[in-house]
Number of protein chains: 2
Amino acid sequence: MRTVYTEDHRLQDGKAELIDGKLQPCFEMPKRAEIIIERVRDQRLGEVVPPQEFGQDPIVRVHKPDFVEFLRVAWGDWVKAHGTWDALPLNWSAPGMRRIIPEAIDGRLSYYSFDAGTPITAGTWRAITQAANVALTGRQMVTAGERAVFALCRPPGHHAGSCFYGGYCFFNNAAIAAQGFRDSGAARVAVLDVDYHHGNGTQEIFYERADVLTTSIHADPKQEYPFFLGHADETGAGAGAGHHLNLPLRWGAKWDVYKPALETAMRRIRDYAPDAIVVSLGVDTFEEDPISKFKLKRDDYSRIGEMIAGAGKPTLFVMEGGYAVDALGVNVVNVLAGFEGAAKS
Amino acid sequence: MRTVYTEDHRLQDGKAELIDGKLQPCFEMPKRAEIIIERVRDQRLGEVVPPQEFGQDPIVRVHKPDFVEFLRVAWGDWVKAHGTWDALPLNWSAPGMRRIIPEAIDGRLSYYSFDAGTPITAGTWRAITQAANVALTGRQMVTAGERAVFALCRPPGHHAGSCFYGGYCFFNNAAIAAQGFRDSGAARVAVLDVDYHHGNGTQEIFYERADVLTTSIHADPKQEYPFFLGHADETGAGAGAGHHLNLPLRWGAKWDVYKPALETAMRRIRDYAPDAIVVSLGVDTFEEDPISKFKLKRDDYSRIGEMIAGAGKPTLFVMEGGYAVDALGVNVVNVLAGFEGAAKS
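Residues numbered from 1 in each chain as written. Chains lettered and ligands numbered in written order. Predicted model: local features only at pLDDT ≥ 70, side-chain atom pairs only at ≥ 80, totals over all residues. Heavy atoms only, no water.

Draft legend 1. Highlighting helix 2 (residues 65-82) of chain A. Residue and element names in this part refer to chain A. With 18 residues, helix 2 ought to run about 26 Å at 1.5 Å a step, and its terminal C-alpha atoms sit 25 Å apart, in line with that. Of all the positions in helix 2, only Phe 67, Val 68, Phe 70, Leu 71, Ala 74, Trp 75, Asp 77 and Trp 78 are classed as buried. Backbone geometry just downstream of helix 2 places Gly 83 in the positive-phi region, at approximately 90 degrees. (Helix = DSSP H or I, 4+ residues; strand = E, 2+ residues; numbered from the N terminus. Expected span 1.5 Å × (residues − 1). Buried < 20%, exposed > 50% of the residue type's maximum accessible area, 1.4 Å probe, protein only.)

Take a look at the structure:
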């Protein structure tokens, strides 16, 4: 399996995120991707290739143009108002407040965000456009006939919606890739999100569409971030009714409850008969993850890869979360190698 | 004019608020009220009296019971999850997310808040119930016949809505007092909010009611916090249609533009013929305020007091914002003494 990777991800290197009442060093850090690419190389998973440039057109297929333009200019506007410390938003909409785009940069940060854990920095724009390019390059390789590709995106993307960022995510790399499959001829695309946190952005983007099936296994939003989406009764709406599947699990979930949930998701995906699968690959389900409360073990990730391979479909893995940095490489490559082993057998 | 005051406000003493991308020492600090009470005493404004206890009944007349109960238990639940560092929320609702109350304390903080600048601490519950008692005691004194009373509330209240806190505010002291006037026989009550920031909580609480006229002069929400409410076209709804007045002013406003806005508000209040006026008294319109961008001068506050007295109505002043700490006492007492002088003449 080939990996798409660029060191440009290092340009997203936030100083701090708000968590547990404090500004702490960002859990979403460059070292995450570095540990993973090192393991990819050590294990000889396959060739590592750089991304191509796709420009903004495939991005505005899933994100609103005003949101994309905001991300492009946000850092410059922030520096003019506040200097070169990372940009974090100030407040959000309470019930009854209105969606009117403010003029001031602080107000626009507030308008387009949903947490204070996702700093915008000098390098954010380049890093996030390159992460989208990584996903789109992987998509192109799969469309061209590769059985599976690993898009080592960073920063991650699945919390980013059509017009909002948060949860370390700016552009929804997986959604951009899924739309890319559609735009290059795939009739149906399935997204499987195995990140610990609910893929609220992906759900929002495709919620009213039948041409992209979205499925997510994640910590119950009653207990866990992002709290306000990801419940089992959210099954799609309008033309997309019946085309979204949430499988929330309670804190403490081990393989014995995770495996049946993944079987349910894979069954739904097989029934849907997609032309391609996009996997939002988070490994923050790991028992040692510092901000998560599932209890998967290293070997469980090999099983996840095998089960995904069982669908027998062209598959793009898109990197999402995972913050137990030292174990990240092992767990991610276990998924990918598990997939490869099962796909060849 | 008598002042209602208790040192219990000191129990709200947050360590930090998120502003300009950093956690900074809270601008809303105990010293604010101490400087003001010192000036009240120095200038012999009148007797200083302690608050009486009114319990939760008058609070749940304007705040939802589940919100009040959340504030009562929040600190204890936070300590169990995270220890004794101040509680700040993590994230908020993005478009399309759902209003379902989470189980986890982080999720409930997120559900009931709209910024990360309003820490909940060990003493918050006592401080905020006492601030409500200060307002209610002042209300009772005015109902009993005093021409005007100063409720030196801290923390402030006007950003707090029926079911959310933020902007340093938890209980909406001014709204609780206004409702208290209604519940003790006043047919109509007018609220005048002269804080630099829009009184979004007060607007939300009374927006569909005709028995409380709400008026607010503040920085344009296109430029300034809270950004998502406070526009000129918000004039009330339902039974309250026509009973809300927003007078947003652009950054840099001096007395020459502030005075006509206040005249407009006072004209509306006189036309409404209320039985009592509640003034949300913020002095962060001051030219030296560290987080605000209006340019009022010390003497302008005397004029504000005189103009409010011109309505000739029983008046309760409820303390809100103002962060140029050294000048706070002078500016606040200028309003109150200006009122007294005009009321006697």
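Draft legend 2. Here's a closer look at the packing of helix 4 (residues 124-143) of chain B against helix 5 (residues 173-183) of chain B. Residue and element names in this part refer to chain B. Between helix 4 and helix 5, the shortest axis-to-axis distance is 9 Å and the interhelical angle comes to 35 degrees. Crossing handedness for the pair helix 4 and helix 5: right-handed. On helix 5, the residues that touch Ile 128, Ala 131, Ala 132, Ala 135, Leu 136, Arg 139, Val 142 and Thr 143 of helix 4 are Asn 173, Ile 176, Ala 177, Gly 180 and Phe 181. For the contact of helix 4 with helix 5, a count of residues per class yields nine nonpolar, three polar and one charged. (Axes fitted to C-alpha atoms, helices over the stretch in contact; angles between N-to-C directions. Left-handed = near helix turned anticlockwise from the far one by under 90°. Contact = heavy atoms within 4.5 Å. Nonpolar A, V, L, I, M, F, W, Y, C, P; charged D, E, K, R; others polar.)

Draft legend 3. Spatial organisation of the environment of Asn 172 of chain A. Residue and element names in this part refer to chain A. By secondary structure assignment, the location of Asn 172 is in the loop between strand 5 (148-151) and helix 5 (173-183). C-alpha separation for the pair Asn 172 and Leu 316, spaced 144 residues apart in sequence, amounts to 14 Å. When residues no more than four places from it in sequence are discounted, the contact partners of Asn 172 are His 63, Gly 157, His 158, Ala 160, Gly 201, Thr 202 and Ile 205. A distance of 3.4 Å separates the side chain of Asn 172 from the backbone oxygen of Gly 157, its partner in a polar contact. (Polar contact = N/O pair within 3.5 Å; in protein donor to acceptor, adjacent residues only side chain to side chain.)

Draft legend 4. A look at the interface of chain A and chain B. Each partner contributes residues to the interface: chain A has 50 residues there, and chain B has 50 residues. Here chain A meets chain B over a buried area of about 4400 Å², counting both sides, of which 67% is carbon and sulfur. At the boundary of chain A and chain B, one finds six salt bridges. A salt bridge links Asp 233 of chain B to Arg 98 of chain A; its shortest N-O distance comes to 2.7 Å. Taken together, the links from chain A to chain B amount to 18 residue pairs in polar contact (both at pLDDT 80 or more). (Buried area = accessible area lost by both parts, 1.4 Å probe. Salt bridge = Lys/Arg side-chain N within 4 Å of Asp/Glu carboxyl O.)

Draft legend 5. Quick peek at the pairing of strand 9 (residues 276-281) of chain A. All names here are of chain A. Among the six residues of strand 9, six are classified as buried, and the element is accordingly described as predominantly covered. Where burial is concerned, the two faces of strand 9 agree: the one with Ala 276, Val 278 and Ser 280 and the one with Ile 277, Val 279 and Leu 281 are both buried. Here strand 6 (residues 189-193) runs beside strand 9; their pairing, made up of five bridges, is parallel. From the neighbouring strand, Ala 190 faces strand 9, where its bridge partner is Ile 277. In this sheet, strand 10 (residues 315-319) lies alongside strand 9 in parallel orientation, the contact comprising five bridges. Bridge pairing in strand 10 links Ile 277 to Thr 315. For the handedness criterion, the β-α-β arrangement of strand 9, helix 8 (residues 298-309) and strand 10 is classed as right-handed. (Pairing = 2+ DSSP bridges. Right-handed = clockwise from strand over helix to strand, strands pointing away.)

Draft legend 6. Inspection of helix 1 (residues 30-42) of chain B at higher detail. Residue and element names in this part refer to chain B. The end-to-end C-alpha distance of helix 1 is 19 Å, a good match for the 18 Å that 13 residues give at a rise of 1.5 Å each. Among the residues of helix 1, those classed as buried are Pro 30, Arg 32, Ala 33, Ile 35, Ile 36, Ile 37 and Val 40. Against strand 1 (2-4), strand 4 (48-49), strand 5 (148-151), strand 10 (315-319) and helix 9 (325-344) lie the buried residues of helix 1. Within two residues after helix 1, Arg 44 carries a phi angle of roughly 50 degrees, on the positive side.

Draft legend 7. Representation of the sheet that holds strand 7 (residues 212-219) of chain B within the structure. Taken in spatial order, the eight strands make up an open sheet running 4-1-5-10-9-6-7-8 (chain B), and their pairing is parallel. The open sheet has two edge strands with one neighbour each: strand 4 and strand 8 (244-249) of chain B.

Draft legend 8. A look at the pattern of salt bridges. Residue and element names in this part refer to chain B. The tally for this structure, following the rule as stated, stands at 48 salt bridges over all chains. Note that Arg 108 is salt-bridged to Asp 77, the shortest N-O span being 2.9 Å. One end of the pair, Arg 108, is in helix 3 (residues 105-112); the other, Asp 77, is in helix 2 (residues 65-82), and 31 residues separate them in sequence. Of the residues examined, Arg 108 reaches a relative accessible area of 14% and is grouped as buried. Between Lys 297 and Glu 287 there is a salt bridge, with the nearest N and O atoms lying 2.9 Å from each other. Of the two residues, Lys 297 sits in the loop between strand 9 (276-281) and helix 8 (298-309) while Glu 287 sits in the loop between strand 9 and helix 8, which places them ten residues apart along the sequence.

Draft legend 9. Examining unusual backbone geometry more closely. Backbone torsion omega between Arg 154 of chain B and Pro 155 of chain B reads 0 degrees, so that peptide bond is classified as cis. Among the structural elements, Pro 155 of chain B can be located in the loop between strand 5 and helix 5. For the bond running from Tyr 225 of chain B to Pro 226 of chain B, omega is 5 degrees, close enough to zero to count as cis. With respect to the helices and strands, Pro 226 of chain B occurs in the loop between strand 7 and strand 8. The phi dihedral of Tyr 168 of chain A falls on the positive side, at around 70 degrees, and the residue is not glycine. Within the element layout of this structure, Tyr 168 of chain A appears in the loop between strand 5 and helix 5.

Draft legend 10. Here's a closer look at the environment of Thr 215 of chain B. Residue and element names in this part refer to chain B. Within the secondary structure, Thr 215 is located in strand 7. Overall, Thr 215 belongs to the buried group, its relative accessible area being 2%. Taking the C-alpha atoms as reference, Thr 215 lies 8.8 Å from Gly 199; in sequence the two are 16 residues apart. Beyond its immediate sequence surroundings of up to four residues, Thr 215 is in contact with Val 191, Leu 192, Asp 193, Leu 245, Ala 265 and Ile 269. A polar side-chain atom of Thr 215 sits 2.9 Å from the main-chain carbonyl oxygen of Val 191.

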